[in-house]
Amino acid sequence: MATTRKPGPSRGGPPKSGGPRTSRPGAPKKRKDAGGRADKPKMSRAQHERARPNPNRPLREDLVLQACLEAYGGVRREGRLSDRALEFVLRRKTLLYSTERRAVAERVYALLRRQRTVDFLLDRAHRKFDALDATRQDVMRLAASRILHGEDPTYVARSSGLTGLDVSVLDRLPDAAAELDALPEAKRFPIAASMPDFLADRFRAVFGKDAARAAEAMNERAPLIVRANTLKGDRAQLQERLAAEDVESTKPTALSPFGLVMETRLNLFSLQDFKDGGFEIQDEGSQLLGMLVDAPPTRVVDACAGAGGKTLQLAAQMKNRGDLHALDVDEGRMEDLRKRARRAGVHNVRTQLIPHEGPDADAALTPLKGLADRVLVDAPCSGTGTFRRKPDARYRLNPEDLEMHVGRQKALLARFATLVKPGGRLIYGTCSVLREENEDVVEDFLSKHPDFSVRPVAEVLGAELGAKLGKGPFLRLAPHTHGTDGFFGAVLVKAK
Ligand SMILES: C[S@@+](CC[C@H](N)C(=O)[O-])C[C@H]1O[C@@H](n2cnc3c(N)ncnc32)[C@H](O)[C@@H]1O
């Protein structure tokens, strides 16, 4: 059975102050005493406790369970996205301490990652599981998931509000796990990997004998990674600034020269350095895909810019010079991009909302035709590389969606290729690990565009980093091979 970190004592909540802080505009002025000290505003007991998390305080299991049930129910029965469901529930649970909030998030995510496995085990361990009402089933699921993730079964049984339920079911979980192990591999794998059958088949096709390891790593909790905004200083300087805000436990990422792993979970958005644009939260795989663009300070197009994760990285590569065109069809995301760009001190970017498809979409691109040195197509995809962060996404995906993604990826790559100038580069990327959305899309494109050819990633990123990334002309990342989210990247050069 796989284990993830147990919910429990860990640092959290607002960071202790240390670095310079600006007061919120519009905040009431604090009264000062004769010695110039500001009066502390009065806090309720709960606010006070939340501001100073006490990692040794036992969790109030009844409150945690209730919040878990509401959030999990929101995902499983109301079809909410996991992060939204958690946010929705936790926003209302103002009495929960930060350690309890974290336990809720960890337990719900952990169950979503292992949902299919947990359902199988409970079905085998409890003959009448299906006859239980939805709440009781979910209580059982949460308890089984916690045991599966290494928590002490006695404590879990005691703390799970299982009154009136047959707790001996939990004792039968190891036997149910043995039944799972005894299944023929083709049946066992999708259940153990907790994936729909069609996705499990595709994982096996991509990863072969490593499929189980690949799926297992996808079911681990993702690390929290930030990218230093080099417009404000390099990674070492970021580390120093964070240390000045009392965030000491950070370590450089192994592959990206711009990344830091945050070794404790904390609310990064409340740090002054975040507000000053010193860093962005961005997975290391996403940073490596951004590095593939290698954007010169001339004319660059980020064709599917979204909320600008990579746009900001490209602006930093361009040292805030030249013209960076950020395009997307989603105004909400473009607005987020503009806000983030302001915070990051980026001023070489222009955003452009474009139509989805059809003659209007082509017309919107006419002024950029054949003029860009680099065009990044960070295409919408199945997101199979980011299951660590969006554990519920796998259950929403079906073969028809996948087909739709592939069709759109091919169309977008062909459309945005027209913006590349002779000698320029088209960079295609996804956060999918599936061949259909990656190599197959590139092959299809090359068969129809003989004026483009592949440039191996090691030639762009340098031999040393290239060697760490692995063989082959493309960027192919996955949690079990590189510790990053799953990403694909290809660099296609247009003939001069
Ligand atoms: C994978 S996301 C981009 C993520 C972004 N590059 C980042 O690093 O944060 C794909 C984006 O493609 C956009 N998109 C979908 N269809 C599009 C189209 N026809 N033209 C341009 N963008 C499109 C979506 O709105 C979404 O923001």
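Residues numbered from 1 in each chain as written. Predicted model: local features only at pLDDT ≥ 70, side-chain atom pairs only at ≥ 80, totals over all residues.

What's the story with the overall build of the chain in this structure? I'm lost.
Helices and strands together make up the secondary structure of the chain, namely 24 helices and 12 strands. Looking at the 496 residues of the chain, the share that counts as buried comes to 41%. (Helix = DSSP H or I, 4+ residues; strand = E, 2+ residues; numbered from the N terminus. Buried ≥ 20, exposed ≤ 12 C-beta atoms within 10 Å, placed from the backbone.)

How do you make sense of the UniProt feature "binding site: S-adenosyl-L-methionine" (unreviewed entry) in the chain when you look at a structure like this?
Within this structure's numbering, the places UniProt gives as "binding site: S-adenosyl-L-methionine" (unreviewed entry) are Asp328 and Asp378. On the basis of their most widely separated C-alpha atoms, the annotated residues across 51 residues gather in one place, lying no more than 10.6 Å apart. Along the chain, the position of Asp328 falls in strand S6 (residues 323-328). Asp328 has contacts with Cys304, Ala305, Gly306, Arg333, Met334 and Leu353, leaving out every residue within four places of it along the chain. By the secondary structure assignment, Asp378 is in strand S8 (residues 372-378). Residue classification places Asp378 among the buried positions, given that 25 C-beta atoms sit within 10 Å. (UniProt positions renumbered as here; feature names shortened; annotations may be inferred. Contact = placed C-beta atoms within 7 Å.)

What should I look at first to understand the pairing of strand S7 (residues 349-353) in this one?
Within a regular beta strand, the side chains point alternately toward one face of the sheet and then the other, so they alternate between its two faces. Inspection of the sheet shows S6 paired to S7 by 5 bridges, in the parallel sense. Its bridge partner being in S7, Ala326 is matched across the sheet by Thr351. After leaving S6, the chain enters helix H17 (residues 331-344) and then returns to the sheet as S7, a path that is right-handed. (Pairing = 2+ DSSP bridges. Right-handed = clockwise from strand over helix to strand, strands pointing away.)

So what exactly am I meant to see when it comes to the site of the ligand here?
Taken together, 18 residues are adjacent to the ligand, and Cys304, Gly306, Gly309, Lys310 and Asp378 come closest. Among the residues forming the shell around the ligand, the class breakdown is 9 nonpolar, 4 polar and 5 charged. (Near = placed C-beta within 6 Å. Nonpolar A, V, L, I, M, F, W, Y, C, P; charged D, E, K, R; others polar.)

I'm lost on unusual backbone geometry in this one. Help?
In terms of backbone geometry, most residues other than glycine have negative phi values and most peptide bonds are trans. In this structure, Asp246 is a non-glycine residue whose phi angle is positive, near 75°. Look at Lys319: it is not a glycine, yet its phi comes out positive at around 55°. Counting through the fold element by element, Lys319 comes out in the loop between helix H16 (309-317) and S6.

Can you help me understand the domain arrangement of the chain in this one?
By a frequent convention, interface size equals the accessible area lost on bringing the separate parts together. Each domain of the chain was delimited in the assignment, giving domain 1 (53-186), domain 2 (187-219), domain 3 (224-277) and domain 4 (284-494). The partner domain 4 presents 16 residues to the 13 residues of domain 3 that form the contact. Class assignment for the residues of the side of domain 3 that touches domain 4 results in 5 nonpolar, 6 polar and 2 charged. (Domains from an automatic or database assignment.)

How do you make sense of the UniProt feature "active site" (unreviewed entry) in the chain when you look at a structure like this?
Per the UniProt record, "active site" (unreviewed entry) is found at Cys431. Mapped onto the elements of the fold, Cys431 is located in the loop between strand S9 (420-430) and helix H21 (439-448). Cys431 sits in the buried class, given 26 other C-beta atoms within 10 Å. Contacts of Cys431, omitting those with residues within four sequence positions, involve Cys381, Gly383, Gly385, Thr386, Asp485, Gly486 and Phe487.

So what exactly am I meant to see when it comes to the packing of helix H10 (residues 185-193) against helix H11 (residues 197-207) here?
The relative placement of two packed helices is expressed as an angle between their axes plus a distance between the axes. At a minimum axis separation of 9 Å, H10 and H11 run at an interaxial angle of 105°. Comparing the axis directions of H10 and H11 gives the class roughly perpendicular. Listed contacts from H11 to Phe189, Pro190 and Ala193 of H10 are Asp197, Ala200, Phe203 and Arg204. When the residues that make up the contact of H10 with H11 are grouped by side-chain class, the tally is 5 nonpolar, no polar and 2 charged. (Axes fitted to C-alpha atoms, helices over the stretch in contact; angles between N-to-C directions. Parallel < 35°, antiparallel > 145°, perpendicular 65-115°, else oblique.)

Before we go on, may I ask you to explain H17 in this structure?
Quick reminder: α-helices carry 3.6 residues per turn. Residues three or four places apart thus point the same way. The terminal C-alpha atoms of H17 lie 20 Å apart, and with 14 residues this matches the ideal 20 Å at 1.5 Å per residue to within 8%. Of the residues one or two after H17, Gly345 is the one with positive phi, at around 70°. (Expected span 1.5 Å × (residues − 1).)

Please explain helix H20 (residues 399-417) as it appears in this structure.
Under the 1.5 Å per step criterion, the end-to-end length of H20 is 27 Å for 19 residues, consistent within 8% with the ideal 27 Å. Considered for burial, the residues of H20 that qualify are Leu402, His405, Val406, Gln409, Leu412, Leu413, Phe416 and Ala417. Viewed along the axis of H20, the buried residues span an arc of 135°, placing them on a single side of the element. Those residues of H20 that are exposed and aimed more than 90 degrees away from the buried face are Glu400, Glu403 and Gly407. (Arc of directions from axis to C-beta.)

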